[in-house]
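Given next are the chains, with one letter for each unit.
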Amino acid sequence: MRVLLNIIWLVLCGFWMALGYLVAGVICCVLVVTIPFGLASFRIANYALWPFGRAVVDRRDAGAASCLGNVIWFVFAGLWLALGHVFTGVALCLTIVGIPLGVANFKMIPVSLMPLGKEIVDLP
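Every chain is numbered independently, its residues counted from 1 as its sequence is written. It should be noted that, the model being predicted, local features are given only for residues of pLDDT at least 70 and side-chain atom pairs only at 80 or more, the latter also being counted only at that level, while totals for whole chains, interfaces and linings use all residues. Side-chain calculation: all heavy atoms of the structure are included, whereas hydrogens and water are not.

Considering the packing of helix α1 (residues 2–30) against helix α3 (residues 64–93)
When two helices pack together, you describe them by how their axes are tilted relative to each other and by the distance separating the axes. As a reminder, the rule being used: Note on geometry: axes are lines fitted to C-alpha atoms, helical ones only across the stretch in contact, with angles between N-to-C directions running from 0 to 180 degrees. Starting at the N terminus, helices and strands are each numbered in turn, a helix being any DSSP run of H or I of at least four residues and a strand any DSSP run of E of at least two. Oblique is the label for every angle not falling under 35 degrees (roughly parallel), over 145 degrees (roughly antiparallel), or within 65 to 115 degrees (roughly perpendicular). A contact between two residues is defined here by any heavy atoms of the two lying within 4.5 Å. Each residue gets one of three labels, nonpolar for Ala, Val, Leu, Ile, Met, Phe, Trp, Tyr, Cys and Pro, charged for Asp, Glu, Lys and Arg, and polar for the others, Gly among them.
Packing of α1 against α3 leaves a shortest axis separation of 11 Å and a crossing angle of 170 degrees. Between α1 and α3, the angle falls in the class roughly antiparallel. Residues Leu12, Cys13, Met17, Gly20, Tyr21, Ala24 and Cys28 of α1 pack against Trp73, Leu81, Gly84, His85, Thr88 and Leu92 of α3. In the contact of α1 with α3, the residues fall into 9 nonpolar, 4 polar and no charged.

Shown next as structure tokens:
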């Protein structure tokens, strides 16, 4: 079932959401100071391509720097990427078939707002 949902996700919205994260990651990697934000964006792009069967968990070793970085990320990229998830989620929920995909979009909003200090793991 996960594979089927992931394929439908990829076709309907996963590719475009991942493309948004990739663009944000490339922009962040242009400047040396923002490379950690770019790497986080690339991680989320991978998650946005194939989200079913994976989950986002907090990293135990994340500290105050992650918190400060998340505030900066929220202002410059997180809010805009989260709005993309909101609009895509609402559009998908307008159809009965798209409801599980819309809910998955809504579940990605917290990690798009604050990606630092998070880790994406495979579910058993």
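Here the narrative resumes, following the displayed structure.
Considerations on the nonpolar core
As a reminder of what qualifies: Residues grouped as a nonpolar core are buried Ala, Val, Leu, Ile, Met, Phe, Trp, Tyr and Cys residues, joined through side-chain atoms within 4.5 Å. We call a residue buried when its accessible area falls under 20% of the maximum for its residue type, exposed when it is over 50%, and partly exposed in between, using a 1.4 Å probe and counting protein chains only.
By size, the foremost hydrophobic cluster in this structure holds 23 residues, and its most contacted members are Trp9, Tyr21, Ala48, Trp73 and Leu81. Looking at this core, the elements with two or more residues in it are α1, α2 (35–49), α3 and α4 (99–107). Counting residues per element, this core draws most heavily on α1, at 7 residues. When residues no more than four places from it in sequence are discounted, the contact partners of alanine 48 are Trp9, Gly14, Met17, Ala18, Tyr21 and Met108.

Notes on the pattern of salt bridges
The condition that has to hold: Basic side-chain nitrogens of Lys or Arg form a salt bridge, by our definition, when they fall within 4 Å of a carboxyl oxygen of Asp or Glu.
In this structure the tally under the stated criterion is 2 salt bridges. Between aspartate 58 and lysine 118 there is a salt bridge, with the nearest N and O atoms lying 2.5 Å from each other. One end of the pair, aspartate 58, is in strand β1 (residues 54–58); the other, lysine 118, is in strand β2 (residues 118–122), and 60 residues separate them in sequence. On the basis of relative accessible area, aspartate 58 is assigned to the exposed category, the value being 54%. For lysine 118, a relative accessible area of 23% gives the class partly exposed.

Observations concerning the environment of valine 56
By the secondary structure assignment, valine 56 is in strand β1. Sequence-wise, valine 56 and cysteine 13 are 43 residues apart; in three dimensions their C-alpha atoms are separated by 19 Å. Setting aside residues no more than four positions away along its own chain, valine 56 makes contact with Tyr47, Val111, Lys118, Glu119 and Ile120.

Side note on the environment of arginine 54
Basically, it comes down to this: Any pair of nitrogen or oxygen atoms within 3.5 Å is treated as a polar contact; in protein, a donor-acceptor pairing is required on top of that, and neighbouring residues in sequence qualify only through side-chain atoms on both sides.
Among the secondary structure elements, arginine 54 is positioned in strand β1. Arginine 54 sits in the buried class, given a relative accessible area of 17%. Other than its neighbours up to four places away in sequence, arginine 54 contacts Asn46, Tyr47, Ile120, Val121, Asp122 and Leu123. A polar side-chain atom of arginine 54 sits 2.7 Å from the main-chain carbonyl oxygen of asparagine 46.

So, the packing of aromatic side chains
Each aromatic ring pair is specified by the distance between its two centres and by the angle formed by the two planes. Going by this rule: Each pair of aromatic rings taken from Phe, Tyr and Trp, with Trp reduced to its six-membered ring, is defined by centres within 6.5 Å and is described as stacked if the planes are under 30 degrees apart, edge-to-face if over 60, and tilted in the remaining cases.
Taken as a whole and assessed by the stated rule, the structure comprises 3 aromatic pairs. Taking the centre distance of 6.1 Å and the plane angle of 90 degrees together, the rings of tryptophan 9 and phenylalanine 52 count as edge-to-face. With tryptophan 9 in helix α1 and phenylalanine 52 in the loop between α2 and β1, this pair connects stretches of sequence that are 43 residues apart. The class of tryptophan 9 is buried, set by a relative accessible area of 0%. Taking relative accessible area as the criterion, phenylalanine 52 reaches 17% and is therefore assigned buried. Considering the side-chain rings of phenylalanine 37 and tryptophan 73, the 6.3 Å spacing of their centres and the 25 degrees angle between planes classify their relative orientation as stacked. Of this pair, phenylalanine 37 sits in helix α2 while tryptophan 73 sits in helix α3; the two residues are 36 residues apart in sequence, bridging distant segments of the chain. Taking the relative accessible area as the measure of exposure, tryptophan 73 reaches 2% and is therefore buried.

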